[in-house]
2 protein chains.
Amino acid sequence: MERLEKLTAGMPLLVGGDRFTTVPTDIADAFEPGDAVLVADTGEVLHVPDAERRAATVAVDAAVAAFDLMGTATDEQVSAFYDTFANALADDTIFVAIAEANAADVEAARQKGRSTTRLELTTRMRNDMVEGLRGWRDMPGGRGEVVETVTHDGWRVEQVRDRLGVVGFVFEGRPNVFADACGVLRSGNTVVFRIGSDALGTARAIVTHALRPALAAAGLHEGSAALVDSPSRAAGYALFSDPRLSLAVARGSGRAVSMLGGIARKAGIPASLHGTGGAWIVAGPTADADDFGEAVTRSLDRKVCNTLNTCAITADRADELVPVFLDALRAAGTARGVEPKLHVSADSVEHVPSDWFDRQVPIARAEGEVKEAQAERIAADELGREWEWEDSPEVTLVVVDSIDDAVQRFNAQAPRFVASLLATDPAEHDRFFATIDAPFVGNGLTRWVDGQYALGKPELGLSNWETGRLFARGGILAGDSVHTVRTRAVLDRPDIPR
Amino acid sequence: MERLEKLTAGMPLLVGGDRFTTVPTDIADAFEPGDAVLVADTGEVLHVPDAERRAATVAVDAAVAAFDLMGTATDEQVSAFYDTFANALADDTIFVAIAEANAADVEAARQKGRSTTRLELTTRMRNDMVEGLRGWRDMPGGRGEVVETVTHDGWRVEQVRDRLGVVGFVFEGRPNVFADACGVLRSGNTVVFRIGSDALGTARAIVTHALRPALAAAGLHEGSAALVDSPSRAAGYALFSDPRLSLAVARGSGRAVSMLGGIARKAGIPASLHGTGGAWIVAGPTADADDFGEAVTRSLDRKVCNTLNTCAITADRADELVPVFLDALRAAGTARGVEPKLHVSADSVEHVPSDWFDRQVPIARAEGEVKEAQAERIAADELGREWEWEDSPEVTLVVVDSIDDAVQRFNAQAPRFVASLLATDPAEHDRFFATIDAPFVGNGLTRWVDGQYALGKPELGLSNWETGRLFARGGILAGDSVHTVRTRAVLDRPDIPR
C-alpha cells in the first residue's frame, strides 16, 4: 500500500465492488498530500482536507483518553457534571456570554439568508436544555449492573453492563442538541460532536462558559465531551470515518444524514440515524371508523419524521373507510387553514371520487402557494416516497387486499420506520407486529414516536431501520442504552477443572 | 456511477481514504463483467467471480424470505426443528449417508495432504452435535419478552425483545459448527453458512438428510438455514459483503478471519470474530504466590485463543514472583514433556537469570524440534504479539511499575481479549475491571473463556474487542443474544394528547 499523494480527474473509484465513480476535476485540483477522499454509497466523491481531518482527530484523541479515565470516574462525578452544567446555563451572569455568541450566530445566518428558526437560543430552548441536563443527572447510569450470573462449583461468571466507548454526533445548527448528546456520559461513555457552522459560535461559548467548567468541577477529563472545532462539513466526514468511534449518531434526516451514515458504516461504525421518515397507517377489516379518522387527522398536525405519509385500507372496508379517510385528510387541512394534497396508488384510483383528481386547489409549498390537482395518481411501487410538505398535509392512499398485503408493501417499499394498525381484533395486532419490519408499531396516531414523549427519557436520536437494525438495540437511542456487556469470572479456588 | 466492466493491472484502488493499492495482473486478467473486486484493510485485492456472488446471493435471498416468514412461526415450531434435526443425526439409518459423505471428504483432504483432525465426524463430534441441538431446543427463545413498559395516561409503550435478522457464518472445515450456527433460529433469526471446501460434501449431506427434512417437518422455510453451495473462498467474501446480513460471524482466528471481518464491516455489518487471541495475567502487589503459579501453569495446558500469552508482574514483587513464574512455566512444559519458550520485554531483562538466555534447548515447533535459546529479549512495544506455539508453551514476561502500568500496556498493545489479575485486595480487582479494556476479566487461569464452559450456553462465536465492541453485547455470542428491541405503543383511547 502506498500513501495517496495526488488525485487525477477522471480516475475511477470503486463503489461497492462492482461499480465505479470518477474523481471530479475540482476535487482533483484541490487535493493535497495528507488529505483524504471518501466515496459515498451514492457515488458522491467527498474531499476531506488535512486540516479538517486533524480537527476531528484531535477531538477523538481527547475523547479516547477521556474514555480510559472515565473507567474510574464515579456515577456521582457524572451527576455533578450534569448539575453544574445545568446550573451554569441557568445562571444569567454566565448565560449572557452564550446569548451574545448566539445573537452573533443568528445575525450572521440572517445575513447569509439562512433559516434561524432552530438556531435562536430562545428562553424555551434554554429551559429545555437545563431540564434535559437535570434529567440526565437524575437517571441511573447502569454501569456495573450484573445482568446475569452463572454459578459453577468453585467459581462464577457475571455478565456486567458496562460503557460502550466514544460516541460521535453530527447535527445541524441546533444548540440544544449539544446538551442532549452529553447524555451518553451518563453510562460512562465519552462524546465528540460536530455542529453546523451556523451554530458553531454558540457551541464554542457553551463549551467555554458552561461545559468545560462543569467537567473540571466534577473532576472529569475535558475530552469527555469534545467539540470538533471546525465550521466545515468535511470535519463531520472525517469524524464519521474514524474507526475509534463505537457509535455514530446523525440527527435530522434526508440525503446529507443518509450519506453520513454510509461513511460511518464503511468505517465499521454502527450508525444511528434516520435518513427517511414517514409513517404508515393500515386500516384492517375490523377497524373502528371513528378511531381511524381521528388517527389520520391527528397524525397530520405538522410535518415531522413520524407524520402519516401512507395510508392503506383493506378492500373489504374501502367503500366505508375511504370517505372517512378523505374527510379526515380534509379536517387536517382545515385545522391548518389550507387544502390538503392526496396521492393515490395507481391500483386504487377507482376508490377515490373523480372530483378529487379534477379539482384544482391552492397547495402551500416551500416556494409559496401553487395551484395543483387536489389528487394525483402515483405508481403502485412508489408508496414509500416521503412527502416533505410545508403547510398542506400531503399523503398517499392505497387500497390493499388484506393486512398481510399492506405489510408486504410496507416491508418492500416503506423506509421501515413507523407503522400503525387500526383494528379491534387483538390477534390481528399480534400478527401485524410479528410480520411488519418496523421498530415502532402502534394502534392509533403515528406521532407518538419520540423518546422524550414516549419513554420519558432524553433522546439521543432515532434509529430508522431503513439500512439495518442496531444490534440488540431498538429504534430510540437514549443515553442509558449506549452500553455493552462484559464478562467477569470470580474463581473461589485456584484449581477449577479446565 | 457506472458498472465495472474491466480492471486494468496497476489501477489504483483506494484504501481508507488516504492510501491506495493496485490491481494485480492476475486479477486484472481473470476479471469479467459481473464479477466484483474487494479491497481488504490490508490492501489485499480480492476477486469475487460472478458465479460465487450468485451462490451467496441465492442463499441470502432464501434467508431473507425465510426471515419474513419466521415472524409468524412459533417457538414450538423452532423447538420441533431442533428436535427433529437432532433425532435425524442420532438415527443410524439416516446417519450412514452423512458418514459416507464425510468419509469421502476425509479421503479427499488426505489425498491433498491436508489436516483431517477437525474434519472427521467422529462419534464424539456426532454426539456433541446431537446434544447441542437438544440444548437449543430446550432454551427459551426470548421473542416477545417485554423488557420495559412505560405507562402514560391513556396509553403505554412496551419495549419488546425481538429477532434481529439474517446472520452470516463463515467457518472452516468443521462439520459440527454447522449445527452450532443453527442456534440463531432459537430467537427467530435465520442463517446463511459458508463452510470450508474440505467439509462441503459433509455439509451437503447434513442439509439433505437432516437439516432440510427437519425444517420441513417443523413447517419452517427451507431458507431458514441456508448453505452457500460453493467450495470457493470467494463465496465467503461475497456473503460477508451482502448488506442484508444483520450480523457476520467468522469462526477461528488469524489473518483470514481478520480479513473477513474487515469485509463485513465495510459493508456496514456488525462482525463477531476474533482475529487475534492470547490472554494476559497480571500479578499485583497483593498476589498470592501459589495461586499465581497455578494460574500460569494451568493457562498453558494447550495453545488455544484464551491461552496465557503475556504475563506482567509488578516490580515490588518481582524478586519473589519472577522465580514463581519461571517455575510455573517450566511445570507447564514438563506437563507436556517439552521445554518452554520465554520472551522477556527489553525493559525487564534484568529480572530474569541470565542462564535462561544462555541455555540452548529443543523447542517443539510446527516444522519439528528446533534448537533455540530458552529465553529471548523482545521489544517493550511488542507485548501484544501472539505466540502460535505447537507443543512448547511460549509466553512473554514483563515487569511493570504498577497494576495501572500493566493496564495501560494491555490497552495499548494487547489484542484486548482476556485479562486476569492475581491480587487478594478486592479494591484492586474493581479498579482493574474498571480500567482494563477487555471483554473477559478474571482472577485466575485464563482458560475459562468459552461460552459452553462458562455460561452453559451453546456458543456461536467469541467476539474479540480488537477492532470494536459489539453494540450492547459482550464477548460471547450465544444464539439467544442475537436479538434487537422493538417498541410497541398501545393506545387505550384515540385522543392521547400529542
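Residues numbered from 1 in each chain as written. Chains lettered and ligands numbered in written order. Predicted model: local features only at pLDDT ≥ 70, side-chain atom pairs only at ≥ 80, totals over all residues. Heavy atoms only, no water.

Participant: Kindly report on the overall build of chain A, identifying the contributing residues and their values.
Facilitator: Within chain A, the regular secondary structure consists of 15 helices and 24 strands. On C-alpha atoms alone, chain A measures out to a radius of gyration of 25 Å, which is about the 23 Å that the 2.2 N^0.38 rule sets for 498 residues. Oriented by its inertia axes, the alpha-carbon framework of chain A measures out at about 75 × 65 × 55 Å. Split into buried and exposed, the 498 residues of chain A put 59% on the buried side. Taking the contacts inside chain A whose residues are at least 6 apart along the sequence as the reference set, 69% of them involve residues at least 24 apart. (Helix = DSSP H or I, 4+ residues; strand = E, 2+ residues; numbered from the N terminus. Rg over C-alpha atoms; globule rule 2.2 N^0.38 Å. Buried < 20%, exposed > 50% of the residue type's maximum accessible area, 1.4 Å probe, protein only. Contact = heavy atoms within 4.5 Å.)

Participant: Residue-level account of the interface of chain A and chain B, with values.
Facilitator: In this complex, chain A contributes 92 residues to the contact, which on the side of chain B involves 93 residues. A combined buried area of about 8,300 Å² lies between chain A and chain B, and 56% of that area is made up of carbon and sulfur atoms. Here chain A and chain B share 4 salt bridges between them. Of the charged contacts in the structure, one is a salt bridge between R53(A) and D18(B), with a shortest N-O distance of 2.8 Å. (Buried area = accessible area lost by both parts, 1.4 Å probe. Salt bridge = Lys/Arg side-chain N within 4 Å of Asp/Glu carboxyl O.)

Participant: Outline the relation of the copies chain A and chain B, listing residues and values.
Facilitator: In the superposition of chain A on chain B (RMSD 0.1 Å, axial shift 0.0 Å), the rotation amounts to 180°. Between the two chains, the operation in question is that of a two-fold axis. Looking at the rotation axis and the C-alpha trace of chain A, the residue lying nearest is K266(A), at 2.1 Å. A shared binding surface is used by both copies, with 100% of the interface residues of chain A retained as interface residues in chain B. (Least-squares fit on C-alpha atoms with pLDDT ≥ 70 in both.)

Participant: How would you sum up the packing of aromatic side chains? Please name residues and give values.
Facilitator: The geometry of an aromatic ring pair comes down to the distance between the two centres and the angle between the two planes. All names here are of chain A. Inspection of the entire model under this criterion finds 18 aromatic pairs over all chains. Taking the centre distance of 5.2 Å and the plane angle of 50° together, the rings of F81 and Y82 count as tilted. Comparing F81 with Y82 shows no difference in burial state: the two are buried. For the pair F417 and F440, a centre-to-centre distance of 5.9 Å together with 80° between the ring planes defines the contact as edge-to-face. (Phe/Tyr/Trp six-rings, centres within 6.5 Å; stacked < 30°, edge-to-face > 60°.)

Participant: Quick one: what's the story with the state of the cysteines, residue by residue and with numbers?
Facilitator: Here the structure, examined in full by the defined rule, presents 0 disulfides over all chains. The closest cysteine sulfur to the non-disulfide-bonded C305(A) is located on C311(A), 19 Å from its own sulfur. (Disulfide = S-S within 2.5 Å.)

Participant: Could you give me a rundown of the pairing of strand 13 (residues 279–283) of chain A, with the residues and numbers involved?
Facilitator: Residue and element names in this part refer to chain A. For strand 13, a buried count of 5 out of 5 residues is recorded, marking the element as mostly surrounded by other parts of the structure. Every second residue of strand 13 is oriented toward a common face, with A279, I281 and A283 on one face and W280 and V282 on the other, all of them buried. Two strands pair when backbone bridges link them, and strand 13 and strand 14 (residues 308–314) are joined in this way by 5 bridges, in the parallel orientation. Following the sheet pairing, I281 is matched in strand 14 by C311. At this point the chain moves from strand 13, through helix 10 (residues 289–298), to the parallel strand 14, and the crossover so formed is right-handed. Where strand 13 meets strand 20 (residues 418–422), 5 bridges bridge the pair, whose relative direction is parallel. (Pairing = 2+ DSSP bridges. Right-handed = clockwise from strand over helix to strand, strands pointing away.)

Participant: Explain the sheet that holds strand 13 of chain A to me, using residue names and the numbers behind them.
Facilitator: Spatially, 10 strands are ordered 18(A)-15(A)-19(A)-14(A)-13(A)-20(A)-21(A)-24(B)-7(B)-6(B) in an open sheet, and the strand pairing comes out mixed. Whereas interior strands pair on both sides, the edge strands pair on one side only; in this sheet they are strand 18 (375–378) of chain A together with strand 6 (146–152) of chain B. Between one strand and the next, the sheet's axes are offset by a mean angle of 20°, whatever the strand orientation. Strand direction decides the pairing type here: strand 15 (residues 341–345) of chain A and strand 19 (residues 394–400) of chain A, joined by 4 bridges, are parallel. Paired with L342(A) across the bridge in strand 19 of chain A is V395(A). The strands touched by helix 13 (residues 403–413) of chain A are strand 13, strand 14, strand 15, strand 19 and strand 20 of chain A; relative to strand 19 of chain A, the strand with the most contacts, the crossing angle is about 130°. (Axes fitted to C-alpha atoms, helices over the stretch in contact; angles between N-to-C directions.)

Participant: So what about the nonpolar core? Which residues, and what values?
Facilitator: Among the nonpolar cores identified, the biggest contains 114 residues, and F81(A) and F81(B) are the most heavily contacted of them. Setting aside chain neighbours within four positions, we find F81(A) in contact with C182(A), L185(A), L211(A), A214(A), L215(A), A218(A) and L220(A). Judged by nonpolar contacts, the second largest core, of 33 residues, contains V60(B), V170(B), A235(B) and A238(B). (Core = buried A, V, L, I, M, F, W, Y, C linked by side-chain atoms within 4.5 Å.)

Participant: Describe helix 3 (residues 75–90) of chain B, with residues and values.
Facilitator: Its 16 residues place the ends of helix 3 of chain B 23 Å apart at the C-alpha level, agreeing with the 22 Å of an ideal helix rising 1.5 Å per residue. Every buried residue belonging to helix 3 of chain B is among V78(B), S79(B), F81(B), Y82(B), F85(B), A86(B), A88(B) and L89(B), and all of these are buried. (Expected span 1.5 Å × (residues − 1).)

Participant: Go over the pattern of salt bridges with me, naming the residues and quoting the values.
Facilitator: Residue and element names in this part refer to chain A. One pass over the full model with this rule turns up 76 salt bridges over all chains. For E372, the salt bridge is made with K341, and the minimal N-O distance between the two is 2.7 Å. A residue pair is termed long-range when its members are at least 10 positions apart, and E372 in strand 17 (residues 368–373) and K341 in strand 15 qualify at 31 residues. Summarising the burial analysis for this pair, E372 and K341 share the class buried. Each of K341, R365, E372, E376 and E394 takes part in a single network of salt bridges with overlapping partners.

The analysis is restricted to geometry; functional conclusions fall outside its scope.
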